[in-house]
Amino acid sequence: MVSQSDRIRIGIVGTGRMARIHAENIKNHLLGFELRSVTSRSLDRAARFAQEFGIVTHSTLVPRTELDAILIATDPATHPSWIADATCSAAKHIFCEKPIGLTIDAIQIVLKVVEGCGVKLFVGFNRRFDPHFKTAIGALRRDSGIGDPGIVSIISHDPKGKVIVDPAMRKGMLFFGTAVHDFDMARHIFGDEAVTVHTMADILEFKILKDRNDVDTAITTLQFRNGGLAIISNSWVGHYYDQRLEILGSRRMLAVGNMLPHAVVTADNGMAQLSVPRGFFAERYQESYLAELQEFERCIREDKEPLVTGHDGLMAVVLATAAKISAETGRTVYADEMQSWLGNVG
């Protein structure tokens, strides 16, 4: 356990958008951490990143004596291998960006490795830490006259042009890269596992996806063991960054709307106009990126279980896999099939 007086020495793996967001937060706002190094398979990118943040570069993960924790923000397909390296070779606590991996088997293998090494694995589902969503879910947990959740509706539309869609993109990333956040949120709200997954999907904009039977827009319905329903709308062709949540309870309803940059309303001749919601994920979820790392710090200092565990990361990918299969085949995926994907790793 790191003492209360010591800063937690952390290294970043990766040099992309999320690595940069976390590095800037650690450097400028999170005084409990000391950003020490960056690791990347691209030495040139690592050198530029290190120069910008005043840290050193490493081609591999460094020994326990030099770092206390690792933050992984690389290509999602490489997350399991980096987690295994951080656990086995360096024995460090790990914060891993979502998704924890792209295949269920790879994730299960690495979770067994982590389980035997006594390190913390915290998965970066930052939306759980958004103050607005957290307030709504907190009210539900306190049962402030809301009753049992019956229907959860989540809208997550990325603005057209913000997601780079090209032939090199992996198939199914609408589910594994975008909707995986919402699958985790639905599990978190209901505190339960889904027993059916059904997805209807199409291509509204990016015709290059047609040749590989991929999609840019989807509606997924989840039914949970306790009877609750989640309806999740995902798209890469929104007209702005649309992030909304509604929880219909047995007695009342909770709703979280889009965050606006200001509250000024312009009105003229019977027409009123609000400002456009915050630009993209870095702006909309700025507070949540700070909050999740603050919670990661508490887990290390107080030797407590992460609020978002490796199991949470696994189950979100199970739902993403089911949604992708449903979109491709048109059939509903049931609990027994999803369960058959688990526990097959020796």
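That block above? That's the structure.
All of the points below concern the structure found in this document.

What counts, and where the lines are drawn
Residues numbered from 1 in each chain as written. Predicted model: local features only at pLDDT ≥ 70, side-chain atom pairs only at ≥ 80, totals over all residues. Heavy atoms only, no water. 1 Å grid on protein atoms, 1.4 Å probe; cavity = no way out; pocket = protein on both sides within 12 Å on 5 of 7 lines; lining within 4 Å. Points joined across faces, edges and corners; volume = space filled by probe spheres on them. Nonpolar A, V, L, I, M, F, W, Y, C, P; charged D, E, K, R; others polar. Salt bridge = Lys/Arg side-chain N within 4 Å of Asp/Glu carboxyl O. Helix = DSSP H or I, 4+ residues; strand = E, 2+ residues; numbered from the N terminus. Buried < 20%, exposed > 50% of the residue type's maximum accessible area, 1.4 Å probe, protein only. Pairing = 2+ DSSP bridges. Contact = heavy atoms within 4.5 Å. Axes fitted to C-alpha atoms, helices over the stretch in contact; angles between N-to-C directions. Phe/Tyr/Trp six-rings, centres within 6.5 Å; stacked < 30°, edge-to-face > 60°. Lys NZ or Arg CZ within 6 Å of the ring centre and 35° of its normal. Expected span 1.5 Å × (residues − 1).

Focus: empty space enclosed by the protein
Here the structure, examined in full by the defined rule, presents 1 cavity of 30 Å³ or more. Reported here for the largest cavity is a volume of approximately 70 Å³. In terms of lining residues, the largest cavity is bounded by Arg127, Phe133, Ile154, Ile155, Ser156, Asp182, Met185, Gln243, Arg244, Leu245 and Tyr285. Among the residues forming the lining of the largest cavity, the class breakdown is 6 nonpolar, 2 polar and 3 charged.

Points about the pattern of salt bridges
Under the counting rule described, the total for this entry stands at 21 salt bridges. Salt-bridge contacts for Arg128 lead to Asp184; the nearest nitrogen and oxygen are separated by 2.8 Å. With Arg128 in the loop between strand E6 (121-124) and helix H5 (131-141) and Asp184 in helix H6 (residues 173-190), this pair connects stretches of sequence that are 56 residues apart. Its relative accessible area of 1% is what places Asp184 among the buried residues. We note a salt bridge from Glu295 to Lys304, for which the minimum N-O separation is 3.3 Å. We classify Glu295 as buried; its relative accessible area is 5%. By relative accessible area, which is 27% here, Lys304 ends up partly exposed. One connected set of salt bridges, linked through shared partners, spans Arg128, Asp184, Arg187, Glu193 and Asp312.

Description of the sheet that holds strand E10 (residues 229-238)
Spatially, the 7 strands line up as an open sheet ordered E12-E11-E7-E10-E9-E8-E15, and their pairing is mixed. Either end of the sheet is taken by a strand with one partner, and the two such strands are strand E12 (253-256) and strand E15 (333-334). Set on the sheet, H5 makes contact with strand E7 (149-159), strand E11 (242-249) and E12; between it and E12 the angle comes to about 170 degrees. Sheet contacts for H6: E7, strand E8 (194-202), strand E9 (217-224), E10 and E11; angle to E10, the most-contacted strand, approximately 150 degrees.

As for the sheet that holds strand E3 (residues 56-58)
Sheet architecture is open: 6 strands sit in the order E3-E2-E1-E4-E5-E6, paired in parallel fashion. Every interior strand has two partners, whereas the edge strands, E3 and E6, have only one. Here the average twist between neighbouring strands, direction ignored, is 25 degrees. In this structure, strand E1 (residues 8-13) lies alongside strand E4 (residues 69-72), joined through 4 bridges in parallel fashion. Bridge pairing in E4 places Ile12 opposite Leu71. Running over the sheet, helix H3 (residues 79-89) touches E1, strand E2 (33-39), E4, strand E5 (93-97) and E6 and is turned about 170 degrees from E5.

Topic: the packing of aromatic side chains
Considering all chains together, one arrives at 11 aromatic pairs under this definition. Connected via pairs of aromatic rings, a cluster forms that spans Phe33, Phe95, Phe122, Phe129 and Phe296. The ring of Phe133 has Arg284 sitting right over it, with the charged end atom 5.2 Å from the ring centre.

Regarding helix H8 (residues 286-302)
Between its first and last C-alpha, H8 extends 25 Å over 17 residues, near the 24 Å set by a 1.5 Å rise per residue. Within H8, the full set of buried residues consists of Ser288, Tyr289, Leu290, Glu292, Leu293, Glu295, Phe296, Glu297, Cys299, Ile300 and Arg301. Once H8 finishes, Asp303 follows within two positions and takes phi at roughly 50 degrees, a positive value.

Let's talk about the environment of Ile151
Inspection of the secondary structure assignment puts Ile151 in strand E7. A relative accessible area of 30% places Ile151 in the partly exposed class. Counting along the chain gives 88 residues from Ile151 to His239, while the straight-line C-alpha distance between them is 25 Å. If sequence neighbours within four positions are ignored, Ile151 has contacts with Leu229, Ile231, Glu246, Ile247 and Leu248.

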